[in-house]
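Understanding the architecture of this molecule
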Amino acid sequence: ENSDIENKDKLLLLIDFNLADVLNNVAELSDTKKAQIKNWLFEQDDFDERTLRMYINFIPIYDLKSNLKIGKKVAEKLKGTTETRKQEELLGVIINILIVCIEQGAYDETGYFVQAAEHIRTVPKLFFYKNMLVFLENMINEHFDHQEEYVAKCQWAIKNFDLLGMPEYGKEAERFFNEYQ
């Protein structure tokens, strides 16, 4: 009976998240709901597509320590997967964590995630993610070792977005670069 109540609570939590996700206002969930979802994510051993989407939506909301812990758990669970969709989700997690690390100046925390991303083969469907990783990895490299080649690679990655018909991503990457370089 107690597990039935826990299952109902989890179901209600998932409904709240899905509703907020559809309405594009995940950030407006109560602190209590956010904490419940974070605790639920910490307990997860199986990161299916729904769970990964939930986590990706919460990366900007959670503190860095929580993101690093959950992100490493996701990376460990999904490393070695050959399913393109799971690789895509993993790259989404890695990219968002790298962005948070750069925004918070936590460059020392990026190495694990950069290495995890390097183990994922580039295929056409993953090109956007890999281009974003080239951009972020070179921002991180430039932070530690101020060389012009890293800046040039960032600019090249930004141009790739334009060349591939995604100028809005190019403009956002350029804004991010200018703000955090």
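Residues numbered from 1 in each chain as written. Predicted model: local features only at pLDDT ≥ 70, side-chain atom pairs only at ≥ 80, totals over all residues. Heavy atoms only, no water.

Another aspect to go through is the overall build of the protein. Within the protein, the secondary structure is distributed over 9 helices and 0 strands. Ordered by position from N to C terminus, the α and β elements of the protein give α-α-α-α-α-α-α-α-α. By the compact-globule yardstick of 16 Å for 181 residues, the protein fits well, its C-alpha radius of gyration being 17 Å. Expressed along its principal axes, the backbone C-alpha trace of the protein runs to roughly 65 × 35 × 35 Å. Accessible surface, the protein as shown: approximately 10,500 Å² in total, 50% of it carbon and sulfur. Within the protein, the 32 negative side-chain charges are centred at a point lying 4 Å from the centre of the 22 positive side-chain charges. (Helix = DSSP H or I, 4+ residues; strand = E, 2+ residues; numbered from the N terminus. Rg over C-alpha atoms; globule rule 2.2 N^0.38 Å. Areas by Shrake-Rupley, 256 points an atom, 1.4 Å probe, with all protein chains shown as cover. Lys, Arg positive; Asp, Glu negative; His and termini not counted. Charge placed at Lys NZ, Arg CZ, Asp CG, Glu CD.)

This paragraph deals with the environment of R53. On the secondary structure map, R53 appears in helix α3 (residues 49–58). The partly exposed category is assigned to R53, whose relative accessible area is 33%. Along the backbone, R53 and L64 are 11 residues apart, and their C-alpha atoms lie at a distance of 18 Å. Once residues lying within four places of it in the same chain are set aside, the contact partners of R53 are F17, N18, D21 and E89. (Buried < 20%, exposed > 50% of the residue type's maximum accessible area, 1.4 Å probe, protein only. Contact = heavy atoms within 4.5 Å.)

Before going further, it helps to examine the nonpolar core. Within the largest apolar cluster, 58 residues are counted, with the highest numbers of intra-cluster contacts made by I37, Y55, V74, F135 and L136. At 11 residues, the largest contribution of residues to this core is made by helix α5 (residues 84–103). Not counting chain neighbours up to four residues away, the residues in contact with Y55 comprise L41, Y62, N67, I70, G71, V74, V93 and I97. (Core = buried A, V, L, I, M, F, W, Y, C linked by side-chain atoms within 4.5 Å.)

On to the packing of α5 against helix α6 (residues 111–118), then. The geometry of α5 relative to α6 is characterised by a closest axis approach of 10 Å and an angle of 150° between their N-to-C directions. One finds that α5 runs roughly antiparallel with respect to α6. Every pair of crossing elements has a handedness; the one defined by α5 and α6 is left-handed. Residues L91, I94, I97 and L98 of α5 touch α6, and the partners they reach there are F113, V114, A116 and A117. For the contact of α5 with α6, a count of residues per class yields 8 nonpolar, no polar and no charged. (Axes fitted to C-alpha atoms, helices over the stretch in contact; angles between N-to-C directions. Parallel < 35°, antiparallel > 145°, perpendicular 65-115°, else oblique. Left-handed = near helix turned anticlockwise from the far one by under 90°. Nonpolar A, V, L, I, M, F, W, Y, C, P; charged D, E, K, R; others polar.)

The next subject is the side chain of T110. Tracing the backbone shows T110 in the loop between α5 and α6. A polar side-chain atom of T110 sits 2.7 Å from the main-chain carbonyl oxygen of Y107. Not counting residues up to four positions away in its chain, the partners in contact with T110 are L98, C101 and I140. (Polar contact = N/O pair within 3.5 Å; in protein donor to acceptor, adjacent residues only side chain to side chain.)

Enumeration over the complete set of coordinates arrives at 9 salt bridges. Overlapping salt bridges bring together E49, R85, E88 and E89 as one network. (Salt bridge = Lys/Arg side-chain N within 4 Å of Asp/Glu carboxyl O.)

This brings us to the packing of aromatic side chains. Aromatic ring pairs: the centre-centre distance and the angle between the two ring planes describe each pair. Taken as a whole and assessed by the stated rule, the structure comprises 11 aromatic pairs. One aromatic cluster is present, formed by F128, Y129, F161 and Y169 through successive ring pairs. (Phe/Tyr/Trp six-rings, centres within 6.5 Å; stacked < 30°, edge-to-face > 60°.)

Moving on to helix α7 (residues 127–144). Over its 18 residues, α7 runs 26 Å from end to end, which matches the ideal 26 Å to within 8%, given 1.5 Å per residue. Residues of α7 that are buried: Y129, K130, N131, M132, L133, F135, L136, N138, M139, I140 and E142. Here the buried face of α7 lies against α5, α6, α8 (148–163) and α9 (167–180). (Expected span 1.5 Å × (residues − 1).)

Shape descriptors only; they carry no functional weight alone.
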